[in-house]
Amino acid sequence: MGGKYSSMDPMEIKVPQLDSMLERDPYLKPYEREYRRRYACFLDYVDKISEGEGGLENFTQGYKWFGIHINSNNSVTCREWAPGAEEVFLFGDFNQWNKFSHPYKKLEYGKWELQIPPNADGSCPVNHLSEVKLVIRTKNGDLVERLSPWATYVVPPPRSEGFTYKQRIYHPPPTQKYMFKHPKPKRPASLRIYECHVGIASSEGRVGQYKEFAQNIIPRIKKQGYNTIQLMAIMEHAYYASFGYQVTSFFAASSRYGTPDELKELVDVAHAHGIYVLLDMVHSHASKNVLDGLNQFDGTNSCYFHDGARGEHSLWDSRLFNYSEHEVLRFLLSNLRWYIDEYGFDGFRFDGVTSMLYHSRGIGQGFSGHYDEYFGLNVDTEAIVYLMLANHVLHKLNPELTTIAEDVSGMPGVCRPVEEGGVGFDYRLAMAIPDKWIKLLKETSDEDWEMGNIVHTLSNRRWMEKTVAYAESHDQALVGDKTLAFWLMDKEMYTHMSTLSDPSPIIDRGLALHKLIRLITHALGGEGWLNFMGNEFGHPEWLDFPRAGNNDSYHYARRQWNLVDDEMLKYKFLNNFDAAMNKLEEKYGWLHKDPGFVSWKHEEDKVVVFERAELLFAFNFHPTKSFTDYRLGVDLPGDYRAVLNSDDPQFGGHNRIDTSVVHVSDPEGFAWRRNYIQAYLPSRVVVVFARN
């Protein structure tokens, strides 16, 4: 394992358990050598860091050393890593924008340092909200202006000054700093995630604010039965319409929503409600912006990124990190720690993991599931090792912390502990599920839906690797696509969503299928559940950020909360059902129980029946057929009652089910179960039964 890693280090490595993974998955055996090689590469990195940096604990706190820091005696210390620079200077309003009065001193290994003493009266030469810039003299003698990669606060310029963001020193007086008041919640056994974007959380045509979100939206989320929020687009991105995925300043919480202290307050308010807070983390790529991003920071095309084609993502038009570079690892690992230590986040959803895992970046690559795809030359070992390091560090920092991988490839071990040779994530996103629902709604009539195919998509996941299921994502809300509600009901949502409007077969079908799709995904699709804000009540229309193509309009970059709050509209029915299924999961905990046992998938009847967490789920997807005394296999004998049914009037249903009826089990075996009950299954309805 290597002897350099001190047993006193809080991030020490446990005894490897690679054999357990190899024994559990016989398909791994032919690739055992490669599987062990990856783990050995991880250990090599740890040993190098331990030898040169005193361990991962020190290495992952680079934000305490790099960047611009105001010391207790009011002096200022500035440090940067710019290996391609010939000279580095700091200038700003503190020195009347004199570019050359404050040069950095060159240190070893491409590092630069500047010490600025206090003013003669003992005050700090750089004030709170002072604007600063770096000037770098490149190898060819050019002078280029840059922002520090470690900047913790950057702001957009006035419209009259263009679009380049400005770095400001964020150092408010102690009386203005937000102090956390509430303890962090424990990791929920069942993750019910509300994926949200602060900027679009306002119903008004503008950018929403951290304070508004804390005050107005978090109580909604709590009431709806979610125990986790996943905040998108927090890391600063100069282009709002990038949805936060073209990051320019990695350590800066986006100023368009408010101040860093207001983000801290948001996280603290969530914790006060018992809500666990995840951050959407983008370490898969970075914006190409030069003047206010990382690109060409030191005047070279490399520095934080690979040079040449390997350093560019052709599809996303962005730069790709060089995960083998020592200082890049420091930067990224410290970035993770920054958001935990500074803001109190409870975990991360890592964006674009598939792009990281493969040299092809997943572009044009279909994954068949053959292990050659996971252990061949297309695999990017350096990126895998970075992700192993990240997960190792994070779980050592806090065992209650959660990481989720956005990976569509299904690489084995992504969601197994690093000690087993896995990549170390706790969950991966079930990205095939929303694609399946959209494909069905686009291409297949209701009568032709294949129950077996739907069940396969929902249950096809790696054993002992947890999955977060979702019926639709933020991607499907974007302009150019449609949400499930919009695919189902489209234009009729403008005319027939009033409770007083004439009956509409389209709206009736849409409400019914929206509930069925969401609950079968929730209950069968994984070990966690995710919903994008607004989809819980069938938010109409699409999501489109202000941009040149829409005349900078905010009309579609908002959430229309008034629709669900209006008692005269049918959006409340979907909202009520979403809350009911979350609260039923809270009571029975199916997400952290064994996967559902599917006993029945009848193609002609369009019926799916399964058990999970001692609940019996019966789905009738048939558009017209209702079934009397339909036989449902159950393993445990007893008296069963309906505890949730989508036909309830509070969910916009037709009240065809008498929930007072007791269904007594019969000991005659049926559908591979030891008992059965009989129940009425109306068309396009799901009924959930529980044993008394």
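Look up: the structure comes first, before these words.
Residues numbered from 1 in each chain as written. Predicted model: local features only at pLDDT ≥ 70, side-chain atom pairs only at ≥ 80, totals over all residues. Heavy atoms only, no water.

**Q** Would you take a moment to explain the packing of helix α12 (residues 505–524) against helix α14 (residues 571–588) for this structure?
**A** Packed helices, taken two at a time, are described by their axes: the angle between them and the distance between them. Where α12 contacts α14, the axes come no closer than 10 Å and their chain directions differ by 20 degrees. Accordingly, the angle class assigned to the pair α12 and α14 is roughly parallel. When the axes of α12 and α14 are compared, the crossing they make is right-handed. Along the contact surface, α12 presents L511, H514, K515, R518, L519 and H522, while α14 presents F573, L574, F577, D578, M581, N582 and E585. Taken together, the residues that form the contact of α12 with α14 break down as six nonpolar, three polar and four charged. (Axes fitted to C-alpha atoms, helices over the stretch in contact; angles between N-to-C directions. Helix = DSSP H or I, 4+ residues; strand = E, 2+ residues; numbered from the N terminus. Parallel < 35°, antiparallel > 145°, perpendicular 65-115°, else oblique. Left-handed = near helix turned anticlockwise from the far one by under 90°. Contact = heavy atoms within 4.5 Å. Nonpolar A, V, L, I, M, F, W, Y, C, P; charged D, E, K, R; others polar.)

**Q** Looking at this structure, how should I read helix α10 (residues 451–459)?
**A** Each α-helix turn comprises 3.6 residues. Residues three or four places apart therefore point the same way. The complete set of buried residues in α10 reads M451, I454, V455, T457 and L458. For α10, the buried positions fall inside an angular range of 160 degrees around the axis, keeping them on one side. Where α10 is buried, its residues touch α9 (432–443), α12, β22 (597–602) and β23 (607–612). (Buried < 20%, exposed > 50% of the residue type's maximum accessible area, 1.4 Å probe, protein only. Arc of directions from axis to C-beta.)

**Q** What is the right way to look at the pattern of salt bridges in this model?
**A** Working definition: two side chains of opposite charge can pair if their charged atoms are close together. Throughout the structure, instances matching the rule amount to 53 salt bridges. Across the salt bridge formed by E406 and R349, the nearest N and O atoms sit 3.2 Å from each other. Residue E406 is located in the loop between β18 (402–405) and β19 (427–429), and its partner R349 is located in strand β17 (residues 347–350); the two are separated by 57 residues in the primary sequence. Across the pair, R349 and E406 agree in class, each one buried. R428 serves as the salt-bridge partner of E465, at 3.3 Å between the closest nitrogen and oxygen. Here R428 lies in strand β19 and E465 lies in the loop between α10 and β20 (466–469), a separation of 37 residues in the sequence. (Salt bridge = Lys/Arg side-chain N within 4 Å of Asp/Glu carboxyl O.)

**Q** Any chance you could explain the packing of aromatic side chains here in plain terms?
**A** Any aromatic ring pair is given by two values, namely how distant the centres are and how the planes are angled relative to each other. Scanning the model with the defined rule gives 53 aromatic pairs in all. Aromatic pair Y39 and F42: ring centres 5.7 Å apart, planes at 40 degrees, arrangement tilted. With Y39 and F42 both in helix α2 (residues 32–53) and three residues apart, this pair spans about one turn of that helix. Side by side, Y39 and F42 carry an identical accessibility label, which is buried. Lying across the ring of W65, R79 places its NZ or CZ 4.2 Å from the centre. One Lys or Arg, R631, reaches over the ring of Y676 and ends 4.0 Å from the middle of that ring. (Phe/Tyr/Trp six-rings, centres within 6.5 Å; stacked < 30°, edge-to-face > 60°. Lys NZ or Arg CZ within 6 Å of the ring centre and 35° of its normal.)

**Q** Help me understand the sheet that holds β18 in this model?
**A** Backbone hydrogen bonds are what pair the strands of a sheet, in a parallel or an antiparallel way. Here eight strands make up a closed barrel; going around it, the order is β10-β11-β14-β17-β18-β19-β20-β21 and the pairing parallel. On average, each strand axis in the sheet is tilted by 25 degrees relative to the strand beside it, whichever way the strands run. With three bridges joining them, β19 and β20 adopt parallel strand pairing. Bridged to R428 within β20 is T467. (Pairing = 2+ DSSP bridges.)

**Q** In this structure, what is going on with the side chain of T77? I would like to understand it.
**A** Topologically, T77 is positioned in strand β2 (residues 76–81). Classification of T77 as buried rests on a relative accessible area of 7%. Of the polar contacts made by the side chain of T77, one reaches the side chain of N71; its length is 2.9 Å. If we ignore the near neighbours within four places in the chain, the residues touching T77 are G67, I68, H69, N71, L114 and Q115. (Polar contact = N/O pair within 3.5 Å; in protein donor to acceptor, adjacent residues only side chain to side chain.)

**Q** Can you help me understand the sheet that holds strand β29 (residues 685–691) in this one?
**A** The antiparallel open sheet is built from six strands, whose spatial order is β22-β23-β24-β29-β26-β27. At either margin of the open sheet sits one strand with a lone partner, and together these are β22 and β27 (663–664). Relative to β23, β22 runs antiparallel, the two sharing five bridges. What sits directly across from H602, in β23, is V607. Across the sheet, α14 lies against β24 (615–620), β26 (639–645) and β29, angled at about 140 degrees from β26, the strand it touches most.

**Q** When you look at the environment of S626 in this model, what are you seeing that I'm missing?
**A** Positionally, S626 belongs in the loop between β24 and β25 (627–634). Through-space distance from the C-alpha of S626 to that of L681 is 5.7 Å; in sequence the pair is 55 residues apart. Ignoring any residue separated from it by four or fewer positions in sequence, one finds S626 in contact with N620, R656, Y680, L681, P682 and S683.

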